[in-house]
Every structure is written in C-alpha cells, then in structure tokens.
Number of protein chains: 2
Amino acid sequence: MDLAAIINKQWIYTARPTAEVTANNYQLVTAPLTKQELAPGELLVQAHYISVDPYMRIQQAAQDSWEAPHPLGAVQGAGVVAKVLAVKGDTGEIAVGDFVNCYTGWQMYAICAASAVRKLDPTLPLSTALGVLGMPGRTAYFGLHTVGRPQVGETVLVSGAAGAVGSIVAQLAKLQGCRVVGIVGSAAKQQLLQEEFNLDATINYKDHPTLAAMTLALKTACPQGIDVYFDNVGGPITDAAMTWLNLRARVIICGQISQYNGGLDNPELGPRFLHHILYKRALIQGILARDFADRMPEMLAALAPLVRSGQLRYPETIITGFENLPATLNALFYGNNTGKMIVKVSP
Amino acid sequence: MDLAAIINKQWIYTARPTAEVTANNYQLVTAPLTKQELAPGELLVQAHYISVDPYMRIQQAAQDSWEAPHPLGAVQGAGVVAKVLAVKGDTGEIAVGDFVNCYTGWQMYAICAASAVRKLDPTLPLSTALGVLGMPGRTAYFGLHTVGRPQVGETVLVSGAAGAVGSIVAQLAKLQGCRVVGIVGSAAKQQLLQEEFNLDATINYKDHPTLAAMTLALKTACPQGIDVYFDNVGGPITDAAMTWLNLRARVIICGQISQYNGGLDNPELGPRFLHHILYKRALIQGILARDFADRMPEMLAALAPLVRSGQLRYPETIITGFENLPATLNALFYGNNTGKMIVKVSP
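Rules used throughout
Residues numbered from 1 in each chain as written. Chains lettered and ligands numbered in written order. Predicted model: local features only at pLDDT ≥ 70, side-chain atom pairs only at ≥ 80, totals over all residues. Heavy atoms only, no water. Phe/Tyr/Trp six-rings, centres within 6.5 Å; stacked < 30°, edge-to-face > 60°. Helix = DSSP H or I, 4+ residues; strand = E, 2+ residues; numbered from the N terminus. Buried < 20%, exposed > 50% of the residue type's maximum accessible area, 1.4 Å probe, protein only. Salt bridge = Lys/Arg side-chain N within 4 Å of Asp/Glu carboxyl O. Contact = heavy atoms within 4.5 Å. Axes fitted to C-alpha atoms, helices over the stretch in contact; angles between N-to-C directions. Parallel < 35°, antiparallel > 145°, perpendicular 65-115°, else oblique. Left-handed = near helix turned anticlockwise from the far one by under 90°. Nonpolar A, V, L, I, M, F, W, Y, C, P; charged D, E, K, R; others polar. Least-squares fit on C-alpha atoms with pLDDT ≥ 70 in both. Arc of directions from axis to C-beta. Pairing = 2+ DSSP bridges. Right-handed = clockwise from strand over helix to strand, strands pointing away. Buried area = accessible area lost by both parts, 1.4 Å probe. Core = buried A, V, L, I, M, F, W, Y, C linked by side-chain atoms within 4.5 Å.

K.L.:
Can you help me understand the packing of aromatic side chains in this one?
P.N.:
What describes a pair of aromatic rings is the distance from one ring centre to the other and the angle between the planes of the rings. Enumeration over the complete set of coordinates arrives at 17 aromatic pairs over all chains. On the basis of an interplanar angle of 25° and a centroid distance of 5.5 Å, the ring pair of A:Phe273 and B:Phe273 is categorised as stacked. One end of the pair, A:Phe273, is in the loop between strand S14 (269-271) and helix H7 (274-280); the other, B:Phe273, is in the loop between strand S14 (269-271) and helix H7 (274-280), on a second chain. Per residue, the accessibility class of A:Phe273 equals that of B:Phe273, and both read buried. In this structure an aromatic cluster arises from ring pairing among A:Trp11, A:Tyr13, A:Tyr26 and A:Trp106.

If you want it as structure tokens, here you go:
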C-alpha cells in the first residue's frame, strides 16, 4: 500500500476553551500522512467510529488533572474503532481487514503499534467497543462493583443515568437486585430509564431547580435513603444527594460533568457537606477508567454475554461526519446524547 | 450508703443554641438523687473528671446527625471518670473505690450498671481515660491506621493538630515514619508541635486567611503533596487541602469543628472540590469513635505502653469546677484548649 497516496484529515487542538468547546478550539488539517512507511510491528488503520467523551473537556482546562493538560498543536486524543488497512512484520493476532480499538484520536488515518490496539470481536457491534464494551463499560462495571459494592435491596442512585457510563451502571445495579433511581435531564430519558432499563424511579433534575426541591425529589424517590451514589454529574444534584446518604454509604465520583465548562480551574461554590460524610461514616472514592485498564478481559467476560442476550441495553447516539467532532463533543455538556455519543466517520 | 443523703448537681440541656453554646442553653439543678436504692449489678459513682467534646455541639443542632439530636430536658451526655462509692449484687470486677470510665454525663453523682463501665488501670493517670487512652485515642488510632494507612515516607497532614485527637494522630504518624505537618491556630501550639511532637512542619491557619494563602502554605509545608489528610476542622483549611492531594490520597473526616457553631443545619458555601477527588482517585471516609467501640483493648495495648514510655505525649487542658462545664464546652470552638479539654469536678 502506498502510504504517500493517503490524504489524512485531523482535528488539531489549538486553543484552550474558556467555557464551551467549539470548532474554534481546533484546526481541521487535510494533508498526506507524514510517515511514508510502516515499521515492523506497526499498522495503518482507518477510523470508522471516533469517540467523544466528557474527560476530553477536563484535559482542556489549564490545570493538571490526572495528568498534564492536553497539549496544544496535537491531534485531539480519543478512542477509535478502526479498520486495519496494512501491517508490517510481526503484528501478532492483528491482520489486514481486522477491526481494532485504538487510541489514535480525531484523525481519519493513523499508524500505530499492533501492541497498542485491541482486536475486536466481529460478532459484536463495532460501536460497542467505544461504549458498553469499552472504556465506559469498564468504568461502570468496576466502579460499581469494586467501590459501590451494592447489596440486594439497597438503593443505588445514579446521576447522568442515561449517559454512556450511567446507563450501564443503572442496569447493572438492577441486575444486582437493587432499588435503582436514575437522575436525567429530560422526560424522554426518564421514559427510557423506566421502560428500557426498568428502573424503580427517575428524576428529571430540570424539574427541581432548587436544592430544597431536589432534596425533596430524592427523598421521595429514595424513601429508604441512598446506599450507593454513582455520580457522573456533580453540582446541585450531588449537593442534594450528600444530605440523604445512609450509614456507610458509598459515593463513587466518576465524573462531574456539570462543572467541566468552567468550574474546574475556578470552582463554583456549593454548600459544605463533609459533616454528612462524618455522620454517616460514608465513603467517597474517585475512579477513572485507567484504574482498571488491565482488567478489560474480566469486564468483557461479564458484560458481553449480557449484551448478546439483550439483558444489558446500550443506547448510542451516533452522529455522522468527521467534521462534526468538535460540536459533538460540546453537545455532551448539554445532554444531547442518550447513551454513548459516537461520531461515525467511515461508511 | 444512704443514697437519699446525696445531693446531686446536674447540668440539664434545656435549649438548642443558634450559634455559641452558653450556660443559657442549660439549667443547673441541685437536688437529691431521684433513685433511692441500687438494683443488683448497679454502681453509685462520683464524677472526678468530666469530658467536653466537640461532638456535643453537633448533637445540639436541630437535625439528626449519627443519631437524633440530644434530647432537651436531660442531663448533658458526656464521658466521665468516676469513683465507685457503692455497689450492689454481682458487679463483676468492679468494687468500691475503683475508678471507672462511664457515660453518665454532666452530673456529680450517678447510678449506672456495672456492665456499662470500664474499670481503669490505677497505674495510669486517670484523666487519660477521657483522652489519649479513651474515646479520642481510639478515634485517632483506628482512624489513622484503618483508613489513613500511612506508609513510611508519606506526608500526613493533620488539622486541629494540637487538639485531643489531632495531637495523637500527629504523633502516631511520626512514629510510623511519615513526614507530618500540623495545622493549628496559635504560635504556642506551633511550638508544641515542633518541640514536643517533633513534627516536620506546622502551619498557623490564622496566618493564611485566604484560600490562596492557605494553599501556598500547604504547598510549602508539603512539597511532595498530601498522602493522608486527617481532618478535624473542615472549612477553608480543608478547601485548600483538597487541591493538593496525591494520587490515591486518603482523607479521614473525623471532625468539622469550624462548622459546628452554625454551619450544620444551614451549611456555609465553599468551593466545589470533587473534581480533585476524581483526578487523584482519592478516598474520603467519615469515621466516629463508636465505629471502633469494640476495639478498646487493641487500642490500649498499642497506646498505653507509648504513654508510659513518654513516646506519646498527651497534652491536657484541665479546668476546675463543675460550674464551668458549659463555658468549657464553648471554649473548644475557640481553640482555647491544648490537647484534651477536661473539667475536674472532685478534688
């Protein structure tokens, strides 16, 4: 294959956003591949599905998070489902024509090491490698089971319960025999949670705009209190949840998406709540997908059968078109997605 | 012994404070003992040392904490070191003349079950049963070792580091081989921490009245970040600490004394910080002394030898006079104590 003939498209991250992220924070570059030849053990891949995830907005803040901010002048990092177009030397189980999960970012073509990709099972929908059977699924599965440890009959509250991670957590907690309450931002998402996920109660946070109203909604939806709170959202929803925890409750901090468009470098104010953590001897634990990176096989063994059997639904919002990547990332912060948000870039 | 001849003195809790607690929240009642005879297995005890503890102010708030608010019209609950004046029937190892630790509250005399008291070792100073070898010591020992789990060379930050619990935590962390930094509210307490406890650095929070200044002070005192934060204080000190945690830091919420005089029922606002917990995959765990109530022997086996050998100092602030109990409780919230605050009520 003549690599010089391939014209790549890349979204280069060029400017830190102060609030929303838009196409102005990126430059779309169309140019031939800079590298003209594969080294032994390398693959040429073509992106089919490209991920947009809330964590990307964290890395665009000016301050360090779990690592340094995303560098300027570089391709936006992202998980990708790609097709292998060419290989060189020993690439192990990876062959031309395979689909792989790789971290090659917002670009149409990339060269990467075979050792850095995960070969996908072609009998499962490819897009699931970015969602229920990918990073979000891993986060949901291990966050819930290693930190939340829900017991039969306990009440599990999930914020962002129609999102990529929350939708999986909510269903897994139901399968575990818990009373599960989901917080979302629209009536349509409430309907999804009730009809598709069979949740016990749902709350549209937009119906409860004050702390007092949100607290009342939580007390109504969780009459026995909250044993496990899986938090993807933060802000006022979490303010309310912290006041209604049960003894030895477990709070998983998986995301704080309500804060990403401005509150990270200069946090907004909220009511102090650590006295509630004291009273209830509750636990709060932050988790990231990377904490469980080496446990993919365990997660896949648990969730793939549930996906195949239909016991675990995996809503996806798939936007078509490479040019839509920045706008699709921003749409996450308006809750425009149901389930995993993905951009489809190849037919 | 003629119980009818005994004139008791009691501080009856009569009115919830809105801010400071004063003698106006109590009524001092002098009257004969209401019960005229011991039942089998009961003791008559005379208080010698009576405890004042920050948790009492929590229970005076209107809302539930770990239990319902302290009832009005009842003797203020408190730990006591008392002398056994009379016994009846089978009182096990407890005999007349023994000193015991009991929870008979702010009163000079009380009748209680022998099964509800702990016999004290007369070779140790009696007052230690309310401090280093009592509830605060248990809280410090198990909070630090079961939740904090400090490793040699790690940085342990302690707020309220000259207080009843903090002074023990700070010294135990030093004995564990950690870099220990103590936050206090006076230069005299800084000196104590440096000279008596051999801490690596101290901070007088009053010297750093803004979040930016406090954060800078923490970064200077903890150049390698914070691995364990043992928090007795909350508020702005904790705001700063949350921004300077290390990966997989452990935060023990043992107290939030800065908030007790008004911030519990109507919390004050502070900067949101849960994104830092996410980034660092940190853990926050609330603890109470009662969580470890059944492990007193284990704590005593560990700490009593350190007290005897002088390796563990136990500063105490002892106020004399039963009439001073309410004012002494309130003085805790001004940091007027060094180490355990105790009221001596019998010669």
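This is not the end of the story, as more comes after the structure.
K.L.:
What is the right way to look at the pattern of salt bridges in this model?
P.N.:
Side chains bearing opposite charge may pair, as long as their charged atoms lie close to each other. Per the counting criterion, the structure on display carries 28 salt bridges over all chains. Between A:Lys35 and A:Glu42 there is a salt bridge, with its nearest N and O atoms 2.9 Å apart. Residue B:Glu67 pairs with B:Arg290 through a salt bridge whose shortest N-O separation is 3.4 Å. Of this pair, B:Glu67 sits in the loop between helix H1 (55-59) and strand S4 (74-75) while B:Arg290 sits in the loop between strand S15 (283-286) and helix H8 (296-309); the two residues are 223 residues apart in sequence, bridging distant segments of the chain. On the accessibility criterion, B:Arg290 (43% relative accessible area) is partly exposed. Among the ionic contacts, a cluster of salt bridges with common partners joins A:Asp239, A:Glu268 and B:Arg272.

K.L.:
What is the right way to look at the environment of B:Gly131 in this model?
P.N.:
All names here are of chain B. On the secondary structure map, Gly 131 appears in the loop between strand S8 (118-119) and helix H2 (135-148). Residues Gly 131 and Ala 293, spaced 162 residues apart in sequence, show a C-alpha to C-alpha distance of 14 Å. Sequence-distant contacts of Gly 131, that is, excluding residues within four places in its chain, are made with Pro 136, Gly 137, Ile 168 and Lys 340.

K.L.:
Teacher, can you tell me more about the packing of H2(B) against helix H3 (residues 166-175) of chain B here?
P.N.:
Residues and elements named next belong to chain B. Packing of H2 against H3 leaves a shortest axis separation of 9 Å and a crossing angle of 40°. Here H3 runs oblique to H2, going by the angle between their axes. The hand of the H2/H3 crossing is right-handed. Between H2 and H3, the contacting residues are Pro 136, Gly 137, Ala 140, Tyr 141 and Leu 144 on the first element and Ile 168, Val 169, Leu 172 and Ala 173 on the second. Residue composition of the contact of H2 with H3, by class: eight nonpolar, one polar and no charged.

K.L.:
What is the right way to read the relation of the copies chain A and chain B from this model?
P.N.:
Put simply, the two copies of the chain differ by a rotation about an axis and a shift along that axis. Turning chain A through 180° and shifting it by 0.0 Å along the axis lays it on chain B, with an RMSD of 0.0 Å. Seen this way, the second copy is the image of the first under a two-fold rotation axis. Looking at the rotation axis and the C-alpha trace of chain A, the residue lying nearest is A:Ile284, at 2.4 Å. Of all interface residues in chain A, 100% are interface residues in chain B too; the two copies therefore contact each other through one and the same surface.

K.L.:
I'm lost on the packing of helix H2 (residues 135-148) of chain A against helix H8 (residues 296-309) of chain A in this one. Help?
P.N.:
All names here are of chain A. Following both chains from N to C, one finds H2 and H8 inclined at 85°, their axes separated by 10 Å at the closest point. As the angle between them shows, H2 and H8 are arranged roughly perpendicular. Residue-level inspection shows Gly 137, Arg 138, Tyr 141 and Phe 142 of H2 in contact with H8, the latter providing Met 296, Glu 298, Met 299, Ala 302 and Leu 303. Grouping the amino acids of the contact of H2 with H8 by side-chain chemistry returns six nonpolar, one polar and two charged.

K.L.:
Explanation requested: helix H5 (residues 211-221) of chain B in the structure shown.
P.N.:
Spacing of three or four residues puts side chains on the same side of an α-helix, whose turn is 3.6 residues. Residues and elements named next belong to chain B. Buried within H5 are the following residues: Met 214, Thr 215, Ala 217, Leu 218 and Ala 221. For H5, the angular spread of buried residues about the axis comes to 160°, placing them on one side. Among the exposed residues of H5, those pointing more than 90 degrees away from its buried face are Ala 212, Leu 216 and Thr 220. Structurally, H5 contributes buried residues whose contacts are with strand S9 (155-159), strand S10 (179-184), strand S11 (201-204), strand S12 (226-231) and helix H6 (236-242).

K.L.:
So what exactly am I meant to see when it comes to the pairing of strand S10 (residues 179-184) of chain A here?
P.N.:
On a regular strand, one side chain projects to one face of the sheet and the next to the other, so that they alternate. Residues and elements named next belong to chain A. By the criterion of burial, S10 is predominantly enclosed, with five of the six residues buried. Alignment of strand S9 (residues 155-159) against S10, held across five bridges, turns out to be parallel. Among the inter-strand pairings, Leu 157 is bridged to a residue of S10, identified as Val 181. Inspection of the sheet shows S10 paired to strand S11 (residues 201-204) by four bridges, in the parallel sense. Counterpart to Val 184 in the pairing with S11 is Asn 204. Taken together, S10, helix H4 (residues 187-195) and S11 form a β-α-β motif whose crossover is right-handed.

K.L.:
Help me understand the interface of chain A and chain B, please; the structure alone is not making it clear to me.
P.N.:
Often, the extent of an interface is quoted as the loss of accessible area on bringing the components together. In this complex, chain A contributes 41 residues to the contact, which on the side of chain B involves 41 residues. Taken over both partners, the interface formed by chain A and chain B buries close to 3,400 Å², and the fraction arising from carbon and sulfur atoms is 61%. For the pair chain A and chain B, the interface holds eight salt bridges. A salt bridge links A:Asp291 to B:Arg281; the nearest nitrogen and oxygen atoms lie 2.7 Å apart. With six residues, the top contributor of residues to the side of chain A that touches chain B is H7(A). The class makeup of the residues in the side of chain A that touches chain B is 21 nonpolar, 11 polar and nine charged.

K.L.:
In this structure, what is going on with the sheet that holds S11(A)? I would like to understand it.
P.N.:
Sheet strands line up and pair through hydrogen bonds in the backbone, either parallel or antiparallel. On the basis of which strands lie adjacent, the open sheet formed by 12 strands has the order S11(A)-S10(A)-S9(A)-S12(A)-S13(A)-S15(A)-S15(B)-S13(B)-S12(B)-S9(B)-S10(B)-S11(B) and mixed pairing. Of all strands in the sheet, those with a lone pairing partner are S11 of chain A together with S11 of chain B, marking the two edges. Direction aside, neighbouring strands of the sheet carry axes that sit 15° apart on average. Pairing geometry for strand S13 (residues 245-253) of chain A and strand S15 (residues 283-286) of chain A, over four bridges, is parallel. Within the sheet, the bridge partner assigned to A:Val251 lies in S15(A) and is A:Ile284. Sheet strands touched by H2(A): strand S12 (226-231), S13 and S15 of chain A. Its angle to S12(A), the strand with the most contacts, is close to 150°. In the packing of H3(B) onto the sheet, the strands contacted are S9, S10 and S12 of chain B, and the crossing angle to S9(B) comes to about 170°.

K.L.:
Please clarify how the environment of A:Thr338 should be interpreted in this entry.
P.N.:
Residues and elements named next belong to chain A. If you trace the backbone, Thr 338 turns up in the loop between helix H9 (325-331) and strand S17 (340-344). Overall, Thr 338 belongs to the partly exposed group, its relative accessible area being 26%. Residues Thr 338 and Gly 310, spaced 28 residues apart in sequence, show a C-alpha to C-alpha distance of 18 Å. Not counting residues up to four positions away in its chain, the partners in contact with Thr 338 are Ala 162, Lys 189, Leu 192, Pro 315, Glu 316 and Thr 317.

K.L.:
Is there a simple way to think about the nonpolar core in this case?
P.N.:
Nonpolar side chains tend toward joint burial in soluble globular proteins. By size, the foremost hydrophobic cluster in this structure holds 148 residues, and its most contacted members are A:Trp106, A:Ile284, B:Trp106 and B:Ile284. Setting aside residues up to four positions removed in sequence, A:Ile284 forms contacts with A:Met242, A:Val251, A:Ile253, A:Phe273, A:Ile277, B:Leu274, B:Ile277, B:Ala282, B:Leu283 and B:Ile284. A:Ala140, A:Leu192, A:Ile252 and A:Ala304 belong to the second largest nonpolar core, which has 78 residues in total.

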